[in-house]
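# Summary of the model geometry
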Amino acid sequence: MKYTNPIISGMNPDPSICRAGNDFYLVTSSFEYYPVIPIYKSQNLVNWEQIGYCLTRDSQLKLNGCKASGGIYAPTIRYEKGIFFVTATNVSDRGNFIVHTENPQGEWSDPVFVDQEGIDPSIFLDEGKTYFLSTGTENGKNCICMCEINPFTGEKYTNTRVISYGCGGRFPEAPHIYRIWNKYYLLLAEGGTEYAHSVTIQRSEHPYGPYEEALGNPILTNRNDSDNDIQCTGHGDLVEDVSGRWWMVCLGVRVPKYKDEQIMLHHLGRETFLAPVCWKKDGWPSAGIDGRIYKEMEGDLPGPAPAARTDSFYADFHAPKLQMEFNYLRNPVFKNYQPDAGRGELTLHGTERTINEAASPTWIGIRQKAFQIVLNAKMRAETGADGMKAGVTAYYNHEYHYDLFLTRQAGQYKVQLAKHVHDIYMTAASIDVEEGGEIEFQIRADRKKYTFLFNTGISEQFIELGWGLTAGLSTAGTHSMSFTGVYLALFAENCTVSFSEFSMTRF
Ligand code: 6LW
C-alpha cells in the first residue's frame, strides 16, 4: 500500500508511538504552546486523528516565563496493562515528569517528577520493572542514563547509571529500549536534530548493557541525500502492529525548495514521518528505503486503507467549544477568549501583552500544515483606542512573525503589515481606513513567501499590502536555538474584537 509522508503535518516533532490492541497512539513535543503534548490516534499508522492533549490544566504545569522553544520537549508514550504513561521534560520548570491515564482521550494524572537530569526521557517496562532513560553527561561527555523507578510516584529505586555513549555521532539522544526476541535493543538519535540527524541501534543481553553497535548504523538518515525534499530525519520510535510488522515513526523536515534552488531553511517545523522496518537474518533492523525516508512510500499497512490528508482547517465558531487544533501561548488567560456559539463568533480581549513578548498575549492559532495555503479571517472591532492592534499573524515565535492587523494611531484607523525578524520590528506597509465595520484578512502562502491582503468591504477585491519571505520565519534563521514551526494565528492587543471566520485552505 502506498502512503504519503509526513503522516502528521505542521510542527509535530519528536514523535513517540505505542499500540493498544488495534489502535496506535502517538505524542509529539509542544514547547511553549498550550494545551500541552498533543495525542493522536490511528488504526493504519497514516491517518491520525487528534484525540486530546496530555496536560490541559494549569495545575499540571507552568509555562509562564518559558522562553521561545522552551517548555515541553520530546515525550515518550507507553502502554502497559490498561494504563498509558507519558514522560516528557519541561525544560523551563522542574524537568522530567510522568503522567498516566486509563483513558488517553480524557484527563491525565497530575505529573510526578523524576530526579534525573537530561532530556528525552523514556520508559521501558519489563518484567514488572520500570526503567527510566534520558540523556545525560558524564565527565563532559554526552551519554544515555538509566535508573529504575515507580512510574506512579516518580520515586527512584536505583541510582542513575550510564548505559551508552552512542555510536560515535554527536548528541546521542531520544533513547528507547525494546525487548525483542529476548534481547534488549537501544534506539538512539545521533547527529543533532539538524541536517546530520540519524537513528542508530545497539543491542545487549541486559537492559543496562554492555551494548553492541549494529554494523549498518545509522539505520535511518537522509543526510547524504541532498536531492531529497525531506531532511533531518531522526528521533525515531518503533512499534509492532498486530500482524507482527514493524514500523518507525520519526521526525523530519520538508525543505521548501523553490524551482531548483537548494535551500537549507525550513519554516513549517519538524513533522512526523513513517518508515517500514524489516528485521534482517542477523537480528538487526533496516528502516525506510535503504535507511532513507521519502514523500511517497509503500508498506503493508495495518487497518483501513489510507486516505489523503487535507491539511485544511475551518474554525467552527458555532460549536459550543473551540476545536482541539487551537493552541495558545504558555498558560493562557482563558477569560480573554470568549466563543459565542449563538453568533458564531470568537471574541478576543486583547491586553497590554504584545505578541513581541515571551508572554501569554491574546493569541490563538493553528499549525501551518502545508506550504501552499490561503488563510482567511473576518474580524469586527468593538472597541479600539490609540495603540489597539488586532488581526492575523504568521508566527514562528515572538521574535519572528509577520502581522497583518487593524490599528489606530492619533485617532486614525489603519491596516498595517509589520515584520519582526531578529531584533528588527518594522511597519512594512500601512493604509488608512474608515473606522468600524468588518474587515477581512487574507494570507496567501507559497514555498517562498507570505502575501498579505485585506478587504474592508469598500472595494470588491482584496488589496495587497505586501509580502515577506518564508526564510524570515525559518528554524535555521533564528538567532538562538529554536525547535518549532510556523503557526497561523489571530491576535488582539489593547482592544476587543470578534472573529466570525478563520480558515486555512491548502491549494
Ligand atoms: C529534543 C531532541 C531533539 O529534545 O530536539 O530531535 C529536541 N531532537 O531530542 C527538542 O525537540
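Residues numbered from 1 in each chain as written. Predicted model: local features only at pLDDT ≥ 70, side-chain atom pairs only at ≥ 80, totals over all residues. Heavy atoms only, no water.

## A short note on the pairing of strand β28 (residues 362-367)
- The buried count for β28 comes to 6 of 6 residues, which makes it a mostly enclosed element.
- Summarising the sheet, β28 and strand β36 (residues 487-506) pair through 6 bridges and their orientation is antiparallel. Bridge assignment links Trp363 to a residue of β36, and that residue is Phe491. (Buried < 20%, exposed > 50% of the residue type's maximum accessible area, 1.4 Å probe, protein only. Helix = DSSP H or I, 4+ residues; strand = E, 2+ residues; numbered from the N terminus. Pairing = 2+ DSSP bridges.)

## Concerning the sheet that holds strand β2 (residues 16-20)
- Pairing within the open sheet is antiparallel, and its 4 strands lie in the order β2-β3-β5-β6. Looking along the sheet, the strands with just one partner apiece sit at the ends: β2 and β6 (49-55). Shown here is a sheet whose adjacent strand axes are inclined to one another by a mean of 25 degrees, direction ignored.
- One ladder, built from 4 bridges, connects strand β3 (residues 23-27) with strand β5 (residues 36-42); its direction is antiparallel. For Tyr25, the partnering residue across the bridge sits in β5 and is Lys41. (Axes fitted to C-alpha atoms, helices over the stretch in contact; angles between N-to-C directions.)

## Thoughts on the environment of Arg223
- Of note, Arg223 is situated in the loop between β18 (212-213) and β19 (230-240).
- Considering only alpha carbons, one finds Arg223 and Gly191, 32 residues apart in sequence, at a separation of 9.7 Å.
- Those residues in contact with Arg223 that lie beyond four places of it in its chain are Tyr195, Ala196, Ser198, Pro218 and Gln231.
- Of note is the side chain of Arg223, whose polar atom sits 3.2 Å from the backbone oxygen of Ala196. (Contact = heavy atoms within 4.5 Å. Polar contact = N/O pair within 3.5 Å; in protein donor to acceptor, adjacent residues only side chain to side chain.)

## With respect to the pattern of salt bridges
- Following the criterion strictly, the structure yields 22 salt bridges and no others.
- Between Glu205 and Lys183 there is a salt bridge whose closest N-O contact spans 3.0 Å. Residue Glu205 is located in the loop between β17 (198-204) and β18, and its partner Lys183 is located in strand β16 (residues 183-190); the two are separated by 22 residues in the primary sequence.
- Residues participating in the shared-partner salt-bridge network are Arg57, Glu107 and Asp110. (Salt bridge = Lys/Arg side-chain N within 4 Å of Asp/Glu carboxyl O.)

## Notes on the site of the ligand
- Neighbouring the ligand are 13 residues, the closest being Asp14, Asp120, Thr193, His235 and Arg270.
- Note that an oxygen atom of the ligand is positioned 2.5 Å from one of the side-chain N or O atoms of Asp120.
- Residue Arg270 places a side-chain N or O atom 2.7 Å away from an oxygen atom belonging to the ligand.
- Out of a free accessible area of 290 Å², the ligand has 98% covered by protein chains.
- Among the residues forming the shell around the ligand, the class breakdown is 6 nonpolar, 3 polar and 4 charged. (Near = heavy atom within 4 Å. Areas by Shrake-Rupley, 256 points an atom, 1.4 Å probe, with all protein chains shown as cover. Nonpolar A, V, L, I, M, F, W, Y, C, P; charged D, E, K, R; others polar.)

## Some points on the packing of aromatic side chains
- Counting across every chain of the model gives 28 aromatic pairs.
- What links up through ring pairs into an aromatic cluster is the set Trp181, Tyr185, Trp246, Trp279 and Trp284.
- The ring centre of Phe113 lies 3.8 Å from the NZ or CZ of Arg94, which sits over that ring.
- Above the plane of the ring of Trp284 lies Arg203, whose end atom (NZ or CZ) is 3.9 Å from the centre. (Phe/Tyr/Trp six-rings, centres within 6.5 Å; stacked < 30°, edge-to-face > 60°. Lys NZ or Arg CZ within 6 Å of the ring centre and 35° of its normal.)

## Here we look at the domain arrangement of the protein chain
- According to the domain assignment, the protein chain contains domain 1 (2-298) and domain 2 (313-506).
- The C-alpha centroid of domain 2 is placed 32 Å from the C-alpha centroid of domain 1.
- Residue-level contacts link 42 residues of domain 1 with 39 residues of domain 2.
- Summed over both sides, the interface between domain 1 and domain 2 buries roughly 3300 Å², with carbon and sulfur atoms accounting for 55% of that surface.
- Ranking the residues of domain 1 by area buried against domain 2 places Tyr33, Tyr34 and His267 at the top, with a combined share of 23%.
- Applying the counting rule to domain 1 against domain 2 returns 0 salt bridges. (Domains from an automatic or database assignment. Buried area = accessible area lost by both parts, 1.4 Å probe.)

## Details of the side chain of Ser360
- Tracing the sequence through the fold places Ser360 in the loop between β27 (345-349) and β28.
- Engagement of the side chain of Ser360 in a polar contact is seen with the backbone oxygen of Leu329, the distance being 2.6 Å.
- Of note is the side chain of Ser360, whose polar atom sits 3.4 Å from the backbone oxygen of Asn331.
- If we skip the residues at most four places from it in the chain, Ser360 touches Asn64, Leu329, Arg330, Asn331, Pro332, Val333 and Arg353.

## Some remarks on the side chain of Ser109
- Summarising the element assignment, Ser109 is placed in the loop between β9 (95-101) and β10 (112-113).
- Not counting residues up to four positions away in its chain, the partners in contact with Ser109 are Arg57, Gln60, Val99 and His100.

## Looking at the state of the cysteines
- As enumerated under the stated definition, the model contains 0 disulfides in all.
- Unpaired in this structure, Cys66 has its nearest cysteine sulfur neighbour in Cys54, at a distance of 17 Å.
- Residue Cys66 is classed as buried on the basis of its relative accessible area, which comes to 1%.
- The closest cysteine sulfur to the non-disulfide-bonded Cys143 is located on Cys145, 3.9 Å from its own sulfur. (Disulfide = S-S within 2.5 Å.)

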